[in-house]
Each structure stands twice: as C-alpha cells, then as structure tokens.
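# Breakdown of the fold
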Amino acid sequence: MKYHYYPGCSLEGTALEYNLSTRALMASVGVELLEIEDWTCCGASAADSISDLLSLALPARNIAIAEKTDEVRDILVPCSACYLNLKKVEAKIRSEPAILKKLNSILNEDQLQISGRLHVRHLLDVIVNDVGPETIRNNLKRALTGFRIAPYYGCQCLRPYVVFDDPEDPRSMEPLIETAGAEVHPWNMGGKCCGASNMNTEMAVGLELVAAILQGAKGADAIVTVCPMCQMNLEAYQHKISCMQNEDLRMTVLYLPQLIGLALGLSEKDLRFDLNLSITDSFREKLAAKL
Amino acid sequence: MNIAINFKRSNETVQASVNLAPVQEMVRACIQCGTCTGSCPNEFAMDYTPRHLWRMVLMDQTAEIFQSKTFALCSACYCCTLRCPRGLPLTAAMEALKQIAARHNLPRYKHSVQFYKSFIRSVRQHGRVNETEFMTMYFAALKNPLIPLRFAPLGIKLMLKGKVSMLPPIRRERPLESIFRKVAELEERL
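Residues numbered from 1 in each chain as written. Chains lettered and ligands numbered in written order. Predicted model: local features only at pLDDT ≥ 70, side-chain atom pairs only at ≥ 80, totals over all residues.

### Focus on the sheet that holds strand S2 (residues 32–35) of chain A
The pairing of strands in a sheet comes from backbone hydrogen bonds and takes either a parallel or an antiparallel form. Residue and element names in this part refer to chain A. Strand order in the open sheet formed by 4 strands is S2-S1-S3-S4, and the pairing between neighbours is parallel. Looking along the sheet, the strands with just one partner apiece sit at the ends: S2 and strand S4 (119–122). Averaged over all pairs of adjacent strands, the angle between strand axes in this sheet comes to 40°, irrespective of strand direction. Pairing between strand S1 (residues 2–5) and S2: 4 bridges, direction parallel. Residue pairing in the sheet places His4 in a bridge with Leu34 of S2. (Pairing = 2+ DSSP bridges. Helix = DSSP H or I, 4+ residues; strand = E, 2+ residues; numbered from the N terminus. Axes fitted to C-alpha atoms, helices over the stretch in contact; angles between N-to-C directions.)

### Notes on the interface of chain A and chain B
In this assembly, 42 residues from chain A lie in contact with 42 residues from chain B. Breaking the side of chain A that touches chain B down by element, the ones donating at least two residues are helix H2 (52–67), helix H4 (97–107) and helix H7 (203–216) of chain A. Broken down by element, the side of chain A that touches chain B gets its largest block of residues, 5 residues, from H2(A). Taken together, the residues of the side of chain A that touches chain B sort by class into 20 nonpolar, 11 polar and 11 charged. (Contact = placed C-beta atoms within 7 Å. Nonpolar A, V, L, I, M, F, W, Y, C, P; charged D, E, K, R; others polar.)

### Let's talk about the domain arrangement of chain B
Residue and element names in this part refer to chain B. Per the domain assignment, the segments of chain B are domain 1 (2–105) and domain 2 (110–188). Between the C-alpha centres of domain 1 and domain 2 the distance comes to 26 Å. Across the boundary between the two partners, domain 1 contributes 4 residues, which contact 4 residues of domain 2. Across the side of domain 1 that touches domain 2, the residue classes tally to 3 nonpolar, 1 polar and no charged. (Domains from an automatic or database assignment.)

### Observations regarding the domain arrangement of chain A
Residues and elements named next belong to chain A. In terms of domain boundaries, chain A breaks down into domain 1 (2–122) and domain 2 (133–290). Taken together, the contact pairs 23 residues of domain 1 with 25 residues of domain 2. Secondary-structure elements contributing two or more residues to the side of domain 1 that touches domain 2 are helix H1 (16–28) and helix H3 (80–95). Looking at the side of domain 1 that touches domain 2, the element that brings in the most residues is H1, giving 9 residues. The residue inventory of the side of domain 1 that touches domain 2, partitioned by class, reads 13 nonpolar, 8 polar and 2 charged.

### Quick look at the environment of Cys77(B)
With respect to the secondary-structure elements, Cys77(B) resides in the loop between helix H4 (62–65) and helix H5 (79–83). For Cys77(B), a count of 27 C-beta atoms within 10 Å puts it in the buried group. Each C-alpha atom of the pair Cys77(B) and Ala101(B) lies 20 Å from the other, and the pair is 24 residues apart in sequence. In this structure, Cys77(B) is in contact with Cys155(A), Arg159(A), Cys193(A) and Pro41(B), ignoring residues within four places of it in sequence. (Buried ≥ 20, exposed ≤ 12 C-beta atoms within 10 Å, placed from the backbone.)

### Comments concerning the packing of H2(A) against helix H10 (residues 177–188) of chain B
Helix packing geometry: the angle between the two helix axes and the distance between the axes. In contact at an axis separation of 10 Å, H2(A) and H10(B) are set at 150° when each is read in the N-to-C sense. Between H2(A) and H10(B), the angle falls in the class roughly antiparallel. Here H2(A) runs over H10(B); the crossing is right-handed. Across from Leu53(A), Leu54(A), Ala57(A) and Arg61(A) in H2(A), the residues of H10(B) making contact are Ile179(B), Val183(B), Leu186(B) and Glu187(B). For the contact of H2(A) with H10(B), the class distribution of residues is 6 nonpolar, no polar and 2 charged. (Parallel < 35°, antiparallel > 145°, perpendicular 65-115°, else oblique. Left-handed = near helix turned anticlockwise from the far one by under 90°.)

### Some thoughts on the packing of helix H5 (residues 123–138) of chain A against helix H10 (residues 256–263) of chain A
Residue and element names in this part refer to chain A. At a minimum axis separation of 13 Å, H5 and H10 run at an interaxial angle of 15°. Here H5 is positioned roughly parallel relative to H10, judged by the angle of their axes. Where H5 crosses over H10, the two elements pack in a sense that is left-handed. For the pair H5 and H10, contact is made by Leu124, Ile127 and Ile136 and by Leu256, Ile260 and Ala263, respectively. Looking at the contact of H5 with H10, its residues break down into 6 nonpolar, no polar and no charged.

What follows is the structure in structure tokens.
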C-alpha cells in the first residue's frame, strides 16, 4: 500500500507527535508514504474566512503536485482541517466544471495542472478500511487490556462529506480500540464540536464546549483524537477548565496512531509521548505496568 | 443590490457598501424550521440564532447583521449543513458573511479578521504557517498589550516542547506569490 502524504503545517509544529506516530505506525504495518514534494499550507480555517477562491486554490496546488506522480491513487491526510480543505477541492471540481477551469488558470502560473483524479483520504478512514482491525490483530504485541478509551472524532473528518462513518453517531474507531485490547468508553460526545476555531478569538465560548467533552470523558483512561486542532484544544486548557468548573477534569489525550502504535509494540519514544501536553501520572503508571 | 452601512473606526464614521446577494442566493429556500439553531454548538453565545440570521439576510437587514456576532461565532462544525432539510450550504453562508467582514475590515470583528489575515500573511511569506510569526503579527495588529498575556502560558509550554520555534522558517521565499496574485486578479473581475 502506497499513499501520497500531506502532513500540513500543524504536523510540523504543534502536532509533531501526530506526524511521527503516524509515520511509525504506517511503517510498522507496511504502508509507504510519499510526502508531497514542496507542499504548502492548505489555508486552514483562515482562507475560507477571507476568500472563497483562495480557500480552493491553496489546497489545489498540493493536489496538483501529487497528481504529477502516476500509480498512486490516494492522498492520505491526518489533519481533519487539511483533509476537509483538500476534500472540498476534490468534490467541487467534480460537481462544478467551471471551478476546475478557474483553478487551472491559477495553477497555470506555476506550471501546474489539476484533473481531480486523486482521492483525498483521512488517516482514520485509511486505518479503519485499508489497514483494518485484522492487520492490527495479526501484529498485536501488547494488548491494552484494562484501558478504557473515549474515541473523539471531532467535526471535519465526519462532516459535511459523509465518507467513512456516520456523521451523527460515529463508531469507526471502536473496532480499532477493541482490537488493541482496550475497552470503549461509552459516551455521545465523539462527534460534538470542540470549538477550536473560537479558542483564539472567543475563548470563553470554546472553553464551554471543551468542558462538556472533558466531563463526558470522566471514567475513561484517555481520549483519542484524529485532528491536531481537537487534540490541542482538549489538552491545553484542562487546568483552566478544572478551576472554572471546580472539578478535576485532567485527562490523558492521545492521537489515535499513538494508541494503536502502543498495541503494535512501538515504544513511547517512537510514538513521542514526550510531546503530548496532557498525559496524567495515573495513565503513565498504568502503562508502565504493561511494559 | 449594494447597501451602505456605517461604522465607527477610530472616532470617525466610515461607510462600507455591502452586497448580500450571494448570501441571499444560498439561503433563498430557507423555511425557517430552526434545525440549524437546534444543531449549533455555539448558539448559546450568539445574539441572533442562526435561523433568525437567515431571515435577516433575506430581509436585507444589513446593518443589523454586521452588528451581530452570530456568524463570527460559527466554528464550522457543519452540523447545520448536514441536517438542513432544504440542503442549504449554511456553513458556507456563515463563511460568506465572515468574508464580507474581512473585505471591509469591519472593526466589530477586528479580532477574528486580524487573526485570519495574520495567518494568511504568514502563509504568503513562507508557504507554510509559522506560528510564532503569525501570532506576533496578530498581536501587533490588535495593539493591545494585554492580549499576548492570555496566550503566554500555552506559548511557553509549546516552546519548551520544541513545538514552536522562535525563528522564522528557512524556506524558499514566497512559493505561493503567483497563486495569491492570480487569485486577487480574478477576484477583482467579479
């Protein structure tokens, strides 16, 4: 299995452990990642608040570069915001031929062309449907028995494009968690918005949403995420929110490939647990007992 | 149809000529059922509910819309877009209102507009965003020394982890310049 790989800006900085654990996990199950050469920002959630055309042109450039390589059909994207931006281009050039023409007139400035033949895939989609629980079961080195995990999906890998999961009641992570030997924390917050995009400009509003998610996760050993925006939002303000709510809402938050990687025998060092902002002492102790 | 709205910028009254027609096109078929409001995670903090906002858009209440914080609070979760029984692109309509606020630099939305613009400026410089540079630009644009303090604890934590750098990235200069220019040129023609 071979994929184009679009890490996106966060995965080079604030979400470095997502990047490195994704690469480590994929290598361990024999998936090859071809990083898109000289990739640039997809516009994040900033471009579409400024200009529609720019919000399509920025991701289109990366797809056009990937299209130059034959034989690979899919672009793998771990960040949900990047995924949605790239996916939007894929969907729009299929439904609106005028957009394709416009994008090509822009990309032509850089001697690039886009046809739309590539499929944009979220990392979770690829782990669930291409790698699959069977591969995890066959390579299981360390069953995570006794761990209770709350799967958090966030928004943009589920909506508005319904591709690999139920956008109202997402469940796709559950077989992965169970195959890894852990138990799924029953909750209904998995597909609820964490308000990340309001955190910088309207913090009080964002904090409310995060508080509800952390409260819902009580009783779990960890939340797992598949988006750098959600991850940072859920881990960075726990102290503040605990003070506001007057209850201890500290919670370990891991990226999905970090959790699956553990079960496949990768070390905490390979998976860069040192970079996470919130791994609780009790989680570390429980994990140490497993090693 | 363009409607002129007045707003205050540093003690003088400025006028902006706003065209709501593209947004009206998006929500024309709204039946006022309120599914969007019921689905919105940020509705509790809004002054008008999303349902109310769409009616205001269709009724040309331009001045009131651009006094409201409703569209600025949309966090793009796409629940309303997914559930709208008329299949309307409601998240995109919220974005279209944000774009109008950005185009006219409406001071009411200074924080979010400057946030997005600083981000994009950093991307235009280097091709990828540089968090330190972009936050520095954002703070400079806001001209309020208290705001950086709010971000300091997280910023320090991230620096200690080596996740954000103090230095601007060393990369090919302005790899996106021709794309930015061409987009601006095409938008001029609209």
